[in-house]
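Next come the chains, spelled out residue by residue.
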Amino acid sequence: MIKKRPADTANRPTIGNQAVNRHPWRRLAAVFLAFLCVLALAVFWIDLKVERVGQRLTVSMNQLEPADCIIVPGALVYGNETPSPILMDRLDVALLVYQEGMADRILVSGDHGSPDYDEVNVMRQYLIKNGVLPEHVFMDHAGFDTYDTLFRARDVFLVQKAIVVTQTFHLNRALYIGDKLGLDIQGVASDLRPYGRSVYYRQREYLARFKAFLDCVVLESEPVYLGPPIPISGNGLATVDRAD
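Residues numbered from 1 in each chain as written. Predicted model: local features only at pLDDT ≥ 70, side-chain atom pairs only at ≥ 80, totals over all residues. Heavy atoms only, no water.

Asks: Got a sec to walk through the nonpolar core? Specific residues and values, please.
Replies: For soluble globular proteins, the rule of thumb is that nonpolar side chains tend to be buried together. The biggest cluster of nonpolar side chains holds 33 residues, and the ones touching the most others in it are Ile-70, Val-72, Ile-106, Val-108, Leu-127, Ile-163 and Val-165. Among the elements that take part in this core, helix α2 (residues 85-99) stands out by supplying eight residues, more than any other. Not counting the four nearest positions on each side in its chain, Ile-163 is found in contact with Leu-64, Glu-65, Ala-67, Cys-69, Ile-70, Ile-71, Val-97, Met-102, Gln-186 and Val-188. In terms of nonpolar packing, the next biggest core, distinct from the first, is built from 32 residues, Phe-138, Ile-185, Cys-216 and Ile-230 among them. (Core = buried A, V, L, I, M, F, W, Y, C linked by side-chain atoms within 4.5 Å. Buried < 20%, exposed > 50% of the residue type's maximum accessible area, 1.4 Å probe, protein only. Helix = DSSP H or I, 4+ residues; strand = E, 2+ residues; numbered from the N terminus. Contact = heavy atoms within 4.5 Å.)

What follows is the structure, given as C-alpha cells:
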C-alpha cells in the first residue's frame, strides 16, 4: 500500500519518510523577530519604570530637604576651561541649592580619564568663581557614567542623603540609580533653556535606562574605579588633583 504524503510536503525532498525543510532560515527569522519584540517591550517597560521613580523623587526648590551634598553629574566642557550650556545650567542650579543652605558640600563628578579632558576641574573652578568655598567642592575624577557617579558617591564619598541636579531627561535615570543603590535621594531639574539636541538626548535614554536596570538589578555592577574613602563631611581640598 502506497502512503500519500500531505500536500504541503509532497514536493519536498525526503530522507526516509521525513520531509526536508528547504527554508530553515524562515524559522530562525521568526525566532529572531520574536526576540526583538520581547526586547523592545522590555526596553519600553524599563523606560516607564525609571520615569515613574524619577518623577516621584523630583522636587521643586521649595520642597527640598537638607542633605549631605549636592551631586552634579558631568557633561561636555570646552578646552578644559568652559562648561557647555547643559553643564553650566546644572552648576547654576546647584549654586542656588547651595545658597539656599540645603547642603554645604557639592560633589562634581565627571570624566577626567586623561590629562587632555577634565570635566571636574572646570566644574570646580566655575563654582568657586561663583562663591562656593574651595573646601566645600569635592571632585570625583572617575564619574565616567551616571552609575559610577552614584555608586562612588555612596562608597567612596560616604554620601547617605543627596540632592542630584541635572536636566530632566537625565535626572530620572540618576534618581532611579540612586534609589536602587539605597541612597536617600531627591532631584532638582536644571532645564533653564531649550537644548538643541533634546530629542536625541531623550531617545538615547531608552538604552541608557535599560543599561541602568541591568547594572542595578541584574548585574549589580561595580564602577570602573573605587578607591579609599573620602568622606563628604571632610575637606574637598583632599580631592584636588586626585585621580582614583
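Now that the structure has been shown, we can carry on.
Asks: Got a sec to walk through a nonpolar patch on the surface? Specific residues and values, please.
Replies: Nonpolar side chains collect at one region of the surface, where Phe-32, Leu-33, Phe-35, Leu-36 and Leu-39 lie side by side and expose about 480 Å² of accessible area between them. As for its position among the elements, Phe-32 is in helix α1 (residues 24-57). (Patch = residues over 30% accessible without salt bridge, like charges linked within 9 Å, V, L, I, M, F, W, Y side chains within 5 Å. Areas by Shrake-Rupley, 256 points an atom, 1.4 Å probe, with all protein chains shown as cover. Salt bridge = Lys/Arg side-chain N within 4 Å of Asp/Glu carboxyl O.)

Asks: Explain the pattern of salt bridges to me, using residue names and the numbers behind them.
Replies: Any two side chains of opposite charge can pair, given that their charged atoms come close. Tallying each qualifying case throughout the model produces 14 salt bridges. As a salt-bridge pair, Lys-161 and Glu-65 come within 3.0 Å of each other at their nearest N and O atoms. Here Lys-161 is found in strand β8 (residues 161-166), whereas its partner Glu-65 is found in the loop between α1 and β3 (69-73), with 96 residues between them in sequence. One network of salt bridges, with partners in common, ties together Asp-47, Glu-51, Arg-173, Arg-202, Glu-205 and Arg-209.

Asks: Describe the side chain of Asp-47, with residues and values.
Replies: Within the secondary structure layout, Asp-47 lies in helix α1. Within the structure, the side chain of Asp-47 is placed 3.0 Å from the side chain of Arg-209, a separation counted as a polar contact. When residues no more than four places from it in sequence are discounted, the contact partners of Asp-47 are Arg-202, Glu-205, Tyr-206 and Arg-209. (Polar contact = N/O pair within 3.5 Å; in protein donor to acceptor, adjacent residues only side chain to side chain.)

Asks: I'd like a description of the packing of aromatic side chains, backed by residues and values.
Replies: Inspection of the entire model under this criterion finds seven aromatic pairs. Taken together, a centroid distance of 5.7 Å and an interplanar angle of 55 degrees make the contact between Tyr-200 and Tyr-201 tilted. The class for Tyr-200 is partly exposed, based on a relative accessible area of 38%. Overall, Tyr-201 belongs to the buried group, its relative accessible area being 15%. Clustering of aromatic rings is evident, with ring pairs tying together Phe-169, Tyr-200 and Tyr-201. (Phe/Tyr/Trp six-rings, centres within 6.5 Å; stacked < 30°, edge-to-face > 60°.)

Asks: Can you explain unusual backbone geometry? Please cite residues and give values.
Replies: Even without being glycine, Leu-158 reaches a positive phi, approximately 55 degrees. As for its position among the elements, Leu-158 is in the loop between α4 (146-155) and β8. One non-glycine residue, Glu-220, adopts positive backbone phi at about 50 degrees. Tracing the backbone shows Glu-220 in the segment after α6 (198-218).

Asks: Report on the sheet that holds strand β7 (residues 137-140), specifying residues and quantitative values.
Replies: Read from one edge of the open sheet, five strands run β7-β6-β3-β8-β9, paired in parallel fashion. In this open sheet, the two strands that pair with only one neighbour each are β7 and β9 (184-189). Averaged over all neighbouring strand pairs, the angle between strand axes comes to 25 degrees, with direction disregarded. Pairing of β8 with β9, which is carried by six bridges, proceeds in the parallel orientation. Residue pairing for β9: Thr-166 is matched across the bridge by Ala-189. (Pairing = 2+ DSSP bridges. Axes fitted to C-alpha atoms, helices over the stretch in contact; angles between N-to-C directions.)

Asks: Describe the environment of Asp-89, with residues and values.
Replies: With respect to the helices and strands, the residue Asp-89 is situated in helix α2. For the pair formed by Asp-89 and Gln-167, sequence separation is 78 residues and the distance between their alpha carbons is 8.4 Å. Dropping the residues within four chain positions of it, Asp-89 is found in contact with Gln-167, Ser-190, Leu-192, Arg-193 and Tyr-195.

Asks: How would you explain the packing of α1 against helix α5 (residues 168-180) if you had to name every residue and give the values?
Replies: Axis separation between α1 and α5 bottoms out at 8 Å; the angle between their running directions is 90 degrees. Put simply, α1 runs roughly perpendicular to α5. Contact residues: Val-50, Glu-51, Val-53, Gly-54, Gln-55, Arg-56 and Leu-57 in α1; Asn-172, Arg-173, Leu-175, Tyr-176 and Asp-179 in α5. Class assignment for the residues of the contact of α1 with α5 results in five nonpolar, three polar and four charged. (Parallel < 35°, antiparallel > 145°, perpendicular 65-115°, else oblique. Nonpolar A, V, L, I, M, F, W, Y, C, P; charged D, E, K, R; others polar.)

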